[in-house]
Amino acid sequence: MLKIYIDGDAFPNLLKPIILRQIEKYGIKSYVLANKKINIGPSKNLEYIIVDAGADEADNKIVEMLQEGDLVITADIPLADRVISKKAHAIDHRGELYSKENIKQYLAMRNLMESIRDMGEVTKGPKPFGKKDAQLFANQLNMFLQKYVKK
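Here is what the cut-offs are and how they apply
- Residues numbered from 1 in each chain as written.
- Predicted model: local features only at pLDDT ≥ 70, side-chain atom pairs only at ≥ 80, totals over all residues.
- Heavy atoms only, no water.
- Salt bridge = Lys/Arg side-chain N within 4 Å of Asp/Glu carboxyl O.
- Helix = DSSP H or I, 4+ residues; strand = E, 2+ residues; numbered from the N terminus.
- Buried < 20%, exposed > 50% of the residue type's maximum accessible area, 1.4 Å probe, protein only.
- Core = buried A, V, L, I, M, F, W, Y, C linked by side-chain atoms within 4.5 Å.
- Axes fitted to C-alpha atoms, helices over the stretch in contact; angles between N-to-C directions.
- Parallel < 35°, antiparallel > 145°, perpendicular 65-115°, else oblique.
- Left-handed = near helix turned anticlockwise from the far one by under 90°.
- Contact = heavy atoms within 4.5 Å.
- Nonpolar A, V, L, I, M, F, W, Y, C, P; charged D, E, K, R; others polar.
- Phe/Tyr/Trp six-rings, centres within 6.5 Å; stacked < 30°, edge-to-face > 60°.
- pLDDT = per-residue confidence, 0-100.

(A) Structural view of the pattern of salt bridges. Enumeration over the complete set of coordinates arrives at five salt bridges. Put simply, D133 and R94 hold a salt bridge, and the shortest N to O gap is 2.9 Å. Note that D133 is positioned in helix α5 (residues 131-148) and R94 in the loop between β5 (89-91) and β6 (97-98), a separation of 39 residues in sequence. On the accessibility criterion, D133 (5% relative accessible area) is buried. Note that K127 is salt-bridged to D133, the shortest N-O span being 3.2 Å.

(B) Main features of the nonpolar core. Membership of the largest hydrophobic core comes to 26 residues, with the highest contact counts inside it found for I4, I6, I19, I40, L71, I73 and L145. Of all elements in the fold, only β1 (4-7), α1 (16-26), β2 (30-34), β4 (71-73) and α5 reach the threshold of two or more residues within this core. Counting residues in hydrophobic clusters, the runner-up holds 20 residues, among them Y31, L33, A58 and I77.

(C) Layout of the packing of α1 against α5. Here α1 crosses α5 at 15°, and the two axes come no closer than 10 Å. Overall, the two elements α1 and α5 adopt an arrangement that is roughly parallel. Between α1 and α5 the crossing geometry is right-handed. Where α1 abuts α5, its residues I18, I19, Q22, K25 and Y26 lie against A134, F137, A138, L141, N142, L145 and Q146. Partitioning the contact of α1 with α5 into residue classes produces eight nonpolar, three polar and one charged.

(D) View of the packing of aromatic side chains. Under the counting rule described, the total for this entry stands at three aromatic pairs. Here the aromatic rings of Y5 and Y31 are separated by 5.1 Å at their centres, their planes lie at 15°, and the arrangement is stacked. You can see Y5 sitting in strand β1 and its partner Y31 sitting in strand β2, a full 26 residues away along the chain. Accessibility assignment for this pair places Y5 and Y31 in one class, buried.

(E) Layout of the confidence of the model for the protein. When pLDDT is averaged along the protein, the result is 92; 99% of the residues meet or exceed 70. Looking at the elements of the protein, mean pLDDT is at its lowest for helix α4 (residues 103-118), recorded as 80, and at its highest for β4, recorded as 98.

Shown next as structure tokens:
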């Protein structure tokens, strides 16, 4: 049975009711992992796991728990790459479904931008997260769950 893992670091508030609604609708066992308490909402299907402080502690725990076919919700591209390599699925906060066909391109772009910043160049970050992004996420999550979860 599919499980959902939510990378709680920087999880947008606009997505909390969306993910909670889908978890309840499909009765999917889900986990929120972060180094501090992140409240998505009350659900018997949700388990909150607080990991030690550290850059990749939540990511490492997600990868450790993850099984083939599970879903991870994260904006962390290196984590999404690790998820894809375990034959699982990853969706980012803006509704992008990462796949083995596109993850290396996203990872290369991320690494390029990081190199540019490391050389002292000031780059623009992502545009502010908004309702349109939340809608794109909701649509992608809904399509994914309809395809992979039997009600």
